[in-house]
Every structure is written in structure tokens, then in C-alpha cells.
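Spelled out from the first residue to the last, the chains are:
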Amino acid sequence: MNNEGLTPRLLNRVSSPSRYTGGEFNSIKKNWETAPIRMAMIYPDLYEIGMSNSGHLLLYYLINETTPHLIERTYAPYFDLEEILRKEKIPLFSLESRQPLNKFDIIGFSLQYELTFTNVLNILDLGGIPLLQKDRSENDPLIIGGGPVASYPESMAPFFDLFFVGEAEEGLLEILNKITSLKSKQTSRQDILLELTSIEGVYVPSLYEEKYSQEGVSLGLEPVNGCTGIPRIINRRIIKDLECAYFPLKQMVPFKAPVHDRAVVELFRGCYRGCRFCLAGYLYRPVRFRSLPLLQEQSSKIIENTGFDTLGLTSFNSSDYPNLKELILFLKKSYGDKLTLSLPSLGMRASSVELACISDKRRTNLTFAPEAASERLRKVINKNLTEEEIFNTVKETAKQGMDLLKLYFMVGLPTEREEDVQAIVSLVKELHKTANAHRTSKRPFHLNITVSPFIPKPHTPFEREKQLSIKDCYEKIGYLKSQLREPLFTLREHDPLMSFLEGVFGRGGRNLHRVILSAFRKGARFDAWEEHLKINYYQQAFVEEEIDPLSYLEEKEGPLPWGVINCGLSAELLKRERDKAFREEESDASLFTDI
Amino acid sequence: MPRYLLIFNRKRSVRFLSHLEEVRALERTLRRSKIPLSYSQGFSPRPIMSFGPPIPVGFSSRVQLMEIKLDKQLTPEEIFFMINPTLPYGYNLSEVKFLNENYPSLGSFPLEISYLLLIEGNGLKLSINSFLSQPYYQVLREGNRKKKEKLFNIRPFVLHLEVINRAEVNDFLKTINISKDPYEITWLMHNQGTVIFFQSLYTTEGSVKITELEKALNVKIIDGERINLTRHR
Ligand code: SF4
């Protein structure tokens, strides 16, 4: 069929066709016939969300620009396109050469969080690929999962041929090259998987199963009987030297505006801090920097190659970059006000305010995440943030003429007591007074508060903690809402139903895949979208599969489902950090060492 | 400051861009091209540019207009060769014109816009004739910003409407001095339906939207191409 001819007819019937056309400036369409390996890279959410994720685009450019292999992109189709595809039996296609997904050798999913799981299944299904790994045959693509969730993937394990744990730049190249040579020798699918386990970071879940002691107690995952040559523990990979690492300078210029419509440079990887609830703070250690001259050069080239008027200086807690001010001043000097700089995650301190102001003069708001309101609880989570610093930051924000501050807090953190939740109210009210006393803007100062339920994350010191029930979340958030009201404050919450699903599927074992599958079959899609989340599909699925979701919110004992994966920090270190949390002691996370 | 009029084609997948998406894509193209664009003053300087009439999503075009100002005078050829290579796939610059200082700015004078439309089904001659025979055709329009909906007569903005025999499309284009475009004509071959030549008047007082014409004729437009755009005298 003439693929180009097919699309106008199709695309004229969907609400936002530029999600599916491809052809963006700097997108790469390679010769399909001559590429040794053809891979589809999928971000399982809408185009405009996916386009804001630089990780999967980094791999797209790395493979397309530096190897003979080919990578094309696909995003989750919205309901209207799904309906057309199903009705007309058209397989889901890639954006570049509009090839059906089942024609690719490999399909890679960027797994950022649990609420995209049903989209993953939908995409496989629409692409004509059997959902369960065990049902796939020799000609089906290999399904690979990467991104943070690949470090705790058990609830999705039966759908994947392999996961890649950690930063994938080097590992993906090794995987593609190995598959190329194995395919030329007509190696079977099963043997390819077996061979790939020799690449560090590769986890082939079908080669591991849960073992039990004679007393019937779970011992965790181990290689299946007879499979001796494979690693018992999978080490996550990281790039050692960021200075020499590949970074795309010809970045995608999307037609449909993404959530973050900008070019990006990456200041550093990992995070200096070790907030005890945060996966990012533990998964990508140690911190690795790019030098100032390299970032200056990359920034200029990227701006020239894309024509963007906004550049994001991205990293976790970007204000930890030692030369951030120099970089901002350099870019301001070179481009003046024709370039807007965005600093997406600034640490809460007065100096951050100054940086935000020089990077964007028009700025009227700032966002910070103190996470906990009482000094005690901030020590428990190792936020390394004093009350004095919080007040100084807010004062500075008001003095610099801004009139809106967005603050993030959590409820349900370990050791949380009633007075810690009350402390959010009193702190926010005090901050509001301080801000208005120092404000230079004509408009009254406004505070936007977002409250999220704490979700215990694997590989963090809090990986075994208890998670709040949905009801308790609503109660605490309801209390905060009754105390912090419009017009002075706006209080939003991260949907407790979503936090519940994230917690359950994040810490769940393989049997949970049945629930995800069943919810998908009932119609669950886009679970991260408030207007699309259908919690009753999940409720029914839990009942039908006879799985009690509440047990996953409890404190966890014994072997952990992600126990086969080693994230670079020892169990002892995590335990020590947990103990310190309960003693309300802080740690200097920059001293954490690899095992 | 020297002013220029740029005329673009839009074909293939970029025909699915909305007006806003097209504006953004072309602005970024100009930034990449490094032509010495003039910027507006103030806190957030933007390139000084204006665009011709918006086109419906899904329509291709041979005449997308854009007017720009430069800080430095360049020849139209220089501009052409700076911009054309930095355009996204599907766009092509067909012409660059230097505009005289007293030439009115884009949007200040009426335009005649011609389209070829592909319409589902056959036997449209009757509904076209009955539409053309009336002096009025009122449509209900949403008022902008809290204003009430109001009736609007679209008939004066429909200058010409004619069914073209599929086999004679190329000859017809020749009679109005437009050469055929091998790619764009393929949609005629691939799809069933009736081809219509439609000429609309676009003025500061008003214009007719393609969707309004679709409703007025009670038809479904499958595809369309903007083939010509001239100053209305
Ligand atoms: S500052 Fe804390 S919350 Fe932010 S990325 Fe680092 S460890 Fe995580």
C-alpha cells in the first residue's frame, strides 16, 4: 500500500494530525532497506508529552547519527486515531517511514512511570505484536524497556523481552551490534536473549523466576533452573564520562507544541542530594558534570541548528551546577533577550532567585519543592533545607518583583504526624505574610501549593515504607484545602488514585501484570490524564484477578521484587540511611560511595 | 527598513499544520537562516513578520504569504538561498519580492483566493447553482469575547464556484495560468469525488470560511489545495 497516500485520508479525520505526521525539522529518515537493525523508539504518551522527554530523543539521535542502524519514533495514539486504526485494521506506524510496528526488529519503550503501562499494551496491540513475551514468535520484534521504571519492572516483566537498567547510551549500541551479528548467523530468539545477558545492564525477565525455601518463604528472583551462565544480579549502567559522551546538537523542532517547547542542554547527570524518597537521587550516582566551555559550545550550536527561542538548562536540582551563573551570563551576552532561558528545577535558596531573574527578565513566578513543612520532617527525608533558607528564598522572590510562588509538599512521608501536616498550613501562611511584606510587584503575592501523596520508591532508603491509603490521602488533602483557601492560596493535589496505582504497580511483583492486562482490555488508557483515568477498570481487574491491592501499600518485608537489580548503592547504605531517617539525622549525600 | 514578501508552497505532511503551528515553524526557520531579521522592541523582542490568510488544516498550498522586515538590505536571491535550505520538509520558497516602502502591508488590502476542492459524491451542480443564484446566504457565527452570536452573509465573499471535470483539471489550470503540480495532482487520482474550483474574497471586513462553504453546499470536503492568491481590484 502507498503509505504516503494513506495518511492524508486518515489524518484528515483526527483532531490533531500534526501529532502523527513526523517530518519535523531535524528528524531523521534513514533508508529502511539498508539499515542492519531497525528499531522503533516509543514514548507511551501523547506526542506533546513525549516530545518534552529528552532521554528517548538522545538515543534516537545517537543511533541515527553515529551508527548504520535506524531508529524511528512512535507516540501513543489518541482515542480518535485508535478508533480509526482499529476500525480499518491499520497497524500503528512509525512517524518517519510509516512502517507498521511489527516490521521492526526491536521496539524500545521509554518507561518513565507506571501510569503509562496500559498505553504500552495498547501500542503493542495496535502494532500487531503479541502482548505477552511467551506468545511471541521468531518474526516478532524484541520488546525492550528502558528509563527509570526498568530498574523496578516486575509488574510489566511478562510483556517485555528485556529491560535495560540505567543510562542506555553505551548499552544500546552494544545490544544493536550484538543482535546484528547474531541475526546474520540465524540465531534463534531465545538464544539471542541468552547472549544479550552478557551485556552489563541487560535484564531478561523470562530467564528469572521466584524461588521459595522449603518452608515456602520467597527467596526472591533467581535464574531459572538450568540457566547457569547468566548474572544473578544485574548492575545498572551509567556513562562514566559525560564530557566525551554523545549529545545531540541537531535537536527536534516539533510542529505541534510540546509541553516544554524548547531546546535543551544537560548540565550534569545524577543529583548531589540524596532526598530519601527520591529515585533520581539514588539511581544515577555519582554526579557527572559537563564543563562550562563544552556547554557554551553545545548551547550555541543547538540554538543555531534549531532556531528555538528558548533553551532549557536541565538537570536535577540544576542550581547545583557550579558554573551556572557564568553559563547564564554567557548566553545572555550572546543572545540578549532574543533567547529565553528556562531553569526547570532550581534548589530552594536565595541565590536561585537571582539566577532565575537574570535568565528571564519577564519572569513573574518561581517553583520550589520544600516537600515537608516541619524542620523535623525535612531532616527525616534528608532535604538539607532549613527554615531560614526557605524564608530567605521567599523574601528574595518577592523583592525581585515576582508575584507567584509555586511550592510542592508531600503528605504521608514516613514518621509523619498530625503536627507535620498542620505545619504546612502555618508555614504557607507565614510565607505568604513575609512575601507580601517584601513584595515589589504591584499585584498581591500569590502562593500555589501542590500536595502529592508520598510513594515509596524502589532503590531508595524508603523502598520498604508504608504508603498512605487513598482515604487517608483525601483526608489530609481535604484538611489542607479547608485551611488554605482562595483567593490567597491555590491548592492542588496529585490525584491520590494515581499515586495509589503508581505505588501498587511500582512495588508489585510479576503477578500484577494480569491486573494491568485486564484493565487495558477493559479500556484503560492514558491513566495519567485525570479526564481519562477510569479507576473502576482497575478495581474490577483487582477483584477478578483476586489480588488485594491494599497489601502493596503495607510496609514491605523479605526479598524485594527488584532485588535482582543493583543500582550501585549497597543494601547496607540504604538501610543505614533509613535508620538515620528514623533518628531524624541528615546525611551528606555527596559522600555516598559506590559498592 | 527593507521589507520583503515571501511566497511558500506547503505540501506533503506540513499541510496538516494549523495556522499557529505554521507561524511557529516559519519563525524558527527564519531564525535558523540567519537573515538579519528586524525585531520588535521591549522585554520580549520578536521578529517583525506578518502572515497571509490562515489555511484550513489538511490543505496544501502554492501560495502561503509572509512579510518580513530586515535590518539590512539583501537581494531577493540572497534571501531565497538563505531561507530555502532551512525550511522543514514539505515547504518550499517559490518567490521573494522586495516591497516598496509605500506598498500597503499584508492584510490591509482585499485578496482573491483560489482553491481546488475535492468533494465527496457527485451531482453537485444543482446545489452550487442554487447557492450562487441567491444574493444572501446567512451563517451563524460565534461572537468573540462575550459578544453574542450573529448572522453573517457569506455570499458576497464567494466569487466563483464551478465543478471541473476530473479529466480536464489540467486544461482548466492552464486557462487560469497555473501549471500543474505532479505531486498534488495525485490526490485527484487516488480519491473518488468531485473537483470544484472555488474563489473567495478575503477582506478586512470579512471572508468566508471553508467550513461555512461546506455547510452551505451541504457537502463533505475530502481534500483541498490553495492554488492562487491575488490582489482584488
Ligand atoms: S534534589 Fe532531592 S528530590 Fe531533587 S532530584 Fe535530587 S535527590 Fe531528588
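Analysis parameters
- Residues numbered from 1 in each chain as written.
- Chains lettered and ligands numbered in written order.
- Predicted model: local features only at pLDDT ≥ 70, side-chain atom pairs only at ≥ 80, totals over all residues.
- Heavy atoms only, no water.
- Helix = DSSP H or I, 4+ residues; strand = E, 2+ residues; numbered from the N terminus.
- Contact = heavy atoms within 4.5 Å.
- Areas by Shrake-Rupley, 256 points an atom, 1.4 Å probe, with all protein chains shown as cover.
- Pairing = 2+ DSSP bridges.
- Axes fitted to C-alpha atoms, helices over the stretch in contact; angles between N-to-C directions.
- Domains from an automatic or database assignment.
- Buried area = accessible area lost by both parts, 1.4 Å probe.
- Salt bridge = Lys/Arg side-chain N within 4 Å of Asp/Glu carboxyl O.
- Near = heavy atom within 4 Å.
- Nonpolar A, V, L, I, M, F, W, Y, C, P; charged D, E, K, R; others polar.
- Buried < 20%, exposed > 50% of the residue type's maximum accessible area, 1.4 Å probe, protein only.

Caption draft 1: Inspection of the overall build of chain A at higher detail. Looking only at helices and strands, chain A features 19 helices and 19 strands. Dimensions of chain A, computed from the C-alpha atoms along their principal axes, are close to 70 × 65 × 45 Å. Taking the contacts inside chain A whose residues are at least 6 apart along the sequence as the reference set, 76% of them involve residues at least 24 apart. Of the roughly 23,100 Å² of accessible surface on chain A, a fraction of 50% belongs to carbon and sulfur atoms.

Caption draft 2: Broad picture of the sheet that holds strand 10 (residues 263-266) of chain A. All names here are of chain A. Sheet architecture is open: three strands sit in the order 10-13-14, paired in parallel fashion. Edge strands, defined here as strands with exactly one partner in the open sheet, are strand 10 and strand 14 (340-342). The mean angle between the axes of side-by-side strands here comes to 25 degrees, regardless of whether they run parallel or antiparallel. In the sheet, strand 10 pairs with strand 13 (residues 310-314) via four bridges, with the strands oriented parallel. Bridging across to strand 13, Val-264 finds its partner in Gly-312. Strands in contact with helix 10 (residues 324-335) are strand 13 and strand 14; relative to strand 13, the strand with the most contacts, it is inclined by about 170 degrees.

Caption draft 3: Summary view of the domain arrangement of chain B. Residues and elements named next belong to chain B. With domains assigned, chain B is organised as domain 1 (3-99) and domain 2 (111-231). Here the C-alpha centre of domain 2 lies 25 Å away from the C-alpha centre of domain 1. Taken together, the 15 residues of domain 1 in the interface contact 22 residues of domain 2. Across the domain 1/domain 2 interface, buried area totals approximately 1,500 Å², and carbon plus sulfur atoms make up 54% of it. The largest per-residue losses of area from domain 1 upon contact with domain 2 belong to Pro-53, Phe-59 and Arg-62, which jointly make up 45% of the total buried on that side. At the junction of domain 1 with domain 2, the criterion picks out two salt bridges.

Caption draft 4: Looking closely at the site of the ligand. Taken together, A:Cys271, A:Arg273, A:Cys275, A:Phe277, A:Cys278, A:Gly281, A:Phe316, A:Asn317 and A:Lys383 form the complete shell of residues around the ligand. For the shell around the ligand, the residue count by class is five nonpolar, two polar and two charged.

Caption draft 5: Local environment of unusual backbone geometry. All names here are of chain A. Residue Arg-285 is joined to Pro-286 through a cis peptide bond whose omega torsion reads -10 degrees. Of the consecutive residues Glu-486 and Pro-487, the connecting peptide bond is found in the cis state with omega at 0 degrees. Within the secondary structure, Pro-487 is located in the loop between helix 15 (470-483) and strand 18 (489-493). The backbone of Arg-98 shows a phi angle near 50 degrees, a positive value even though the residue is not glycine. Relative to the assigned elements, Arg-98 resides in the loop between helix 4 (79-88) and strand 3 (106-110). You can call Arg-98 buried: its relative accessible area is 10%. Positioned with a positive phi, Glu-584 is a non-glycine residue whose angle comes to about 60 degrees. Counting through the fold element by element, Glu-584 comes out in the segment after helix 19 (571-582).

Caption draft 6: Inspection of helix 6 (residues 210-217) of chain B at higher detail. Residue and element names in this part refer to chain B. A large share of helix 6 lies buried, amounting to six of its eight residues. Lining the buried residues of helix 6 we find strand 5 (111-119), helix 3 (125-133), strand 6 (138-141), strand 8 (158-164), strand 9 (194-202) and strand 10 (221-231). Count one or two residues on from helix 6 and you reach Asn-218, which has phi positive near 55 degrees.

Caption draft 7: Region of the structure containing the pattern of salt bridges. Residues and elements named next belong to chain A. The tally for this structure, following the rule as stated, stands at 59 salt bridges over all chains. Linking Arg-237 and Glu-174 is a salt bridge whose minimum nitrogen-to-oxygen distance equals 2.8 Å. With a gap of 63 residues between them, Arg-237 in the loop between strand 9 (234-235) and strand 10 and Glu-174 in helix 6 (residues 169-184) connect regions that are remote in the sequence. Accessibility expressed as a relative area gives 34% for Glu-174, which makes it partly exposed. Across the pair Lys-481 and Glu-493 runs a salt bridge, and its minimum N-O distance is 2.9 Å. Within this pair, whereas Lys-481 is found in helix 15, its partner Glu-493 is found in strand 18, the two being separated by 12 residues in sequence. Within this structure, Glu-167, Glu-169, Glu-266, Arg-269, Arg-288 and Arg-290 form a network of salt bridges that share partners.

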